[in-house]
Amino acid sequence: QVRLVESGGGLVQPGGSLRLSCAASGLNFRLFSMNWYRQAPGKEREVVATITGSGDITNYIDSVKGRFTISRDNVRNTVYLQMISLKPEDTARYYCNVRYRSMDYWGQGTLVTVSS
C-alpha cells in the first residue's frame with residue numbers, strides 16, 4: 001500500500017525558510033512523478049510543484065517560482081520542497097501527492113504558517 005508521510009512544517013516569519021520532506025513507501029519510487037500541493041483556509045487545493053521520477057524536470061506555479069525548489073532522493077524515497085523568502089500568502093497545509101495505478105495518494109499534510 002502506498003504511504004506518504006510529510007514533515008517539516010511550522011511557524012516562520014515572513015522572509016524565512018522551511019524545508020518540507022515527504023517519505024514514500026509501497027511503490028517503486030523512482031518511476032513516479034511526485035507533486036506538492038497546498039490548501040489555504042477557505043481555498044481550493046492547488047499544485048505547487050512537480051518533479052519527474054528521475055528528477056530531471058520540475059515545474060512550479062508562477063507564485064513560487066524562484067522561491068521554492070522541489071527535489072528528490074531516489075535512494076531515500078523522499079521528495080523535498082525547499083521554500084525561501086516565504087510570504088504570508090504561502091500559509092497553507094502542504095500535501096505530498098503521487099498518482100499510482102490511476103489513483104491519487106495523499107499524505108496527511110504538514111502545516112506551514114508564515115506570520116510575524
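Quick note: structure is the one above.
Residues numbered from 1 in each chain as written. Predicted model: local features only at pLDDT ≥ 70, side-chain atom pairs only at ≥ 80, totals over all residues. Heavy atoms only, no water.

### Observations concerning the packing of aromatic side chains
The following threshold applies: Any Phe, Tyr or Trp ring, taking Trp's six-membered ring, that has another such ring centre within 6.5 Å forms a pair; planes under 30 degrees apart are called stacked, those over 60 apart edge-to-face, and the others tilted. Secondary structure elements follow DSSP: runs of H or I of four or more residues count as helices, runs of E of two or more count as strands, with numbering from the N terminus. Three exposure classes are used, based on accessible area relative to the maximum for each residue type with a 1.4 Å probe and protein chains only: buried under 20%, partly exposed in between, and exposed over 50%. Here, over-ring charges are defined by two tests on the NZ atom of lysine or the CZ atom of arginine: distance to the ring centre within 6 Å, and angle to the ring normal within 35 degrees.
Under the counting rule described, the total for this entry stands at four aromatic pairs. Ring geometry for Phe-32 and Tyr-100: centres 5.2 Å apart, planes at 70°, overall edge-to-face. Linking Phe-32 in the loop between strand E3 (18-25) and strand E4 (34-39) with Tyr-100 in strand E9 (residues 92-100), this pair joins segments that are 68 residues apart in sequence. Judged by its relative accessible area of 14%, Tyr-100 is buried. Each residue in the set Phe-32, Tyr-100 and Tyr-105 is aromatic and connected to the rest through ring pairs, giving one cluster. When the ring centre of Trp-106 is taken as reference, the NZ or CZ atom of Arg-45 above it lies at 4.5 Å. One cation-aromatic arrangement involves Arg-72 over Phe-29; the distance from NZ or CZ to the ring centre is 4.2 Å.

### Here's the deal with the pairing of strand E10 (residues 103-106)
Put simply, the test is: A pair of strands is considered paired only if DSSP assigns at least 2 bridges between the two.
Taken together, the four bridges between E9 and E10 define a ladder with antiparallel strand orientation. Directly across from Asn-97, in E10, lies its bridge partner Trp-106.

### Points about the pattern of salt bridges
The test is simple: One side-chain nitrogen of Lys or Arg within 4 Å of one carboxyl oxygen of Asp or Glu is enough to make a salt bridge.
In the structure shown here, the tally under the stated rule is six salt bridges. Two residues, Arg-38 and Glu-46, come together in a salt bridge whose shortest N-O distance is 2.8 Å. Arg-38 gets classed as buried once you look at its relative accessible area, which sits at 6%. The partner of Asp-90 in a salt bridge is Arg-67, with the nearest N and O atoms 2.8 Å apart. Taken as a pair, Asp-90 in the loop between strand E8 (78-83) and E9 and Arg-67 in the loop between strand E6 (58-60) and strand E7 (68-73) lie far apart in primary sequence, 23 residues in all. In this structure, Asp-90 and Arg-67 share a single accessibility class: buried.

### Concerning the sheet that holds strand E1 (residues 3-7)
Note the cut-off: Under this scheme, a helix contributes an axis fitted over its contacting stretch, all axes are lines through C-alpha atoms, and angles between N-to-C directions fall in the 0 to 180 degree range.
Reading across the sheet, the four strands line up as E1-E3-E8-E7 and stay open at both edges, with antiparallel pairing between neighbours. Two strands lie at the open edges of the sheet, namely E1 and E7, each paired on one side alone. For this sheet, the mean inter-axis angle between neighbouring strands, taken without regard to orientation, is 15°. Sheet topology note: the E3/E8 ladder contains six bridges and is antiparallel. Bridge assignment links Leu-18 to a residue of E8, and that residue is Met-83.

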